[in-house]
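Coordinate inspection notes
Residue-level listing of the chains:
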Amino acid sequence: SETLIESLIQMAPPYIYTTSSPPAVACATLASLELLKSEHWRREHLQQLIAQFRQGAQTLGLNLVESPTPIQPVIVGDSGAAMAMANRLRERGILVGAIRPPTVPTGSARLRITLTAAHSSAQVQQLIEALAQSQAEVQHG
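Let me sum up the structure you'll find in this document. (Residues numbered from 1 in each chain as written. Predicted model: local features only at pLDDT ≥ 70, side-chain atom pairs only at ≥ 80, totals over all residues. Heavy atoms only, no water.)

**Notes on the pairing of strand β2 (residues 71–77)**
Our working rule: Per-residue accessibility, obtained with a 1.4 Å probe over protein chains only, is compared with the maximum for each type, and a residue is labelled buried under 20%, exposed over 50%, and partly exposed between these values. Note on conventions: DSSP H or I runs of at least 4 residues are helices, E runs of at least 2 residues are strands, and numbering of each starts at the N terminus. When DSSP finds at least two bridges between two strands, those strands are taken to pair.
Burial of β2 is extensive: five of the seven residues sit out of reach of the surface. Direction of pairing for strand β1 (residues 63–64) relative to β2: antiparallel, over a ladder of two bridges. Each bridged residue has a counterpart across the sheet, and for L64 the counterpart in β2 is V74. Counting the residues between successive antiparallel strands, the hairpin from β1 to β2 contains six residues. Where β2 meets strand β4 (residues 109–114), six bridges bridge the pair, whose relative direction is antiparallel. Its bridge partner being in β4, Q72 is matched across the sheet by I113.

Next comes the structure, spelled out in structure tokens:
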């Protein structure tokens, strides 16, 4: 009956609370907002890492998507080549996801580089060097 359905919608805790955030997520969100207000160095450091990565990747001739964010897509094109590069990076201790069709259009497979303020400049340099090595290995067999 309509009365029963309405009662369940209004009174059933599993239904009501499935759309709310858990208290831990709300608390973590508040803490992150406080950090954003008080620790500007994190943003500044991350912006420096993004610039360092983009400059190094452009020097290698990598096909970058225009992105000022910490997520830096590198277009590889071929899905197999993207997977091979991601695997070679993982062998070097660097976790980078390969994004392939149908998530992206055919012929635009990419590596999804994600930088954080917890990374160091040395780690970004290591990533750039590993990308150069991985790219060379994939291109030459």
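**Structural notes on helix α4 (residues 40–60)**
Note the cut-off: One less than the residue count of a helix, multiplied by 1.5 Å, gives the span that helix is expected to have. Whether two residues touch is decided by their heavy atoms; if any such pair falls within 4.5 Å, the residues are in contact.
End to end, α4 covers 31 Å across 21 residues, agreeing with the expected 30 Å (1.5 Å per residue, within 8%). Residues of α4 that are buried: L46, L49, I50, Q52, F53, R54, G56 and A57. In this structure, the buried side of α4 is in contact with β1, β2, β4 and α6 (121–139). Of the residues trailing α4, G61 is marked for its positive phi of about 80 degrees.

**Focus: unusual backbone geometry**
Peptide bonds are mostly trans, and most non-glycine residues show a negative phi. Omega for the peptide link from P101 to P102 comes to 15 degrees, which places this bond in the cis form. Within the secondary structure, P102 sits in the loop between β3 (97–99) and β4.

**Observations regarding the packing of helix α5 (residues 79–91) against α6**
Just so we agree on the cut-off: Note on definitions: angles span 0 to 180 degrees between N-to-C directions of axes, and those axes are lines fitted to C-alpha atoms, for helices only across the stretch in contact. Here roughly perpendicular refers to angles of 65 to 115 degrees, roughly parallel to angles under 35, roughly antiparallel to angles over 145, and oblique to all remaining angles. Each helix crossing is assigned a hand: it is left-handed if the near helix lies turned anticlockwise from the far helix by less than a right angle, otherwise right-handed if that turn is clockwise.
Contact geometry for α5 and α6: axes closest at 9 Å, N-to-C directions at 135 degrees. Accordingly, the angle class assigned to the pair α5 and α6 is oblique. Classified by chirality, the crossing of α6 by α5 is right-handed. Taking contact as the criterion, the partners of A81, A84, M85, R88 and L89 in α5 are, on α6, A130, L131, S134, Q135, E137 and V138.

**Let's talk about the pairing of β4**
In terms of strand pairing, β3 meets β4 through three bridges, oriented antiparallel. Within β4, the residue paired with I99 across the bridge is R110.

**Digging into a nonpolar patch on the surface**
Test applied: Note that patches include only residues with greater than 30% relative accessible area and no salt bridge, and the join distances are 9 Å for like charges and 5 Å for nonpolar side chains (Val, Leu, Ile, Met, Phe, Trp, Tyr). Every accessible area reported is derived by Shrake-Rupley at a probe size of 1.4 Å, with residue values counting cover from the shown protein chains alone. Criterion for a salt bridge: a side-chain nitrogen of Lys or Arg within 4 Å of a carboxyl oxygen of Asp or Glu.
A cluster of nonpolar residues, L30, L33 and L36, forms a patch on the protein surface that exposes about 290 Å² of accessible area. Assignment of secondary structure puts L30 in helix α3 (residues 23–38).

**Concerning the side chain of R110**
Threshold: Just so you know, the count uses Lys and Arg for positive and Asp and Glu for negative, and it drops His and the chain ends. Contacts described as polar in this section are N or O atom pairs within 3.5 Å, which, within protein, must combine one atom able to donate a hydrogen with one able to accept it, while residues neighboring in sequence count only if both atoms come from side chains.
Structurally, R110 can be placed in strand β4. Here R110 occupies a buried position and makes no salt bridge, while the nearest side chain of opposite charge, E66, is found at 13 Å. Side-chain polar atoms of R110 contact the backbone oxygen of S108, separated by 3.1 Å.

Shape is all these values report; function is a separate question.
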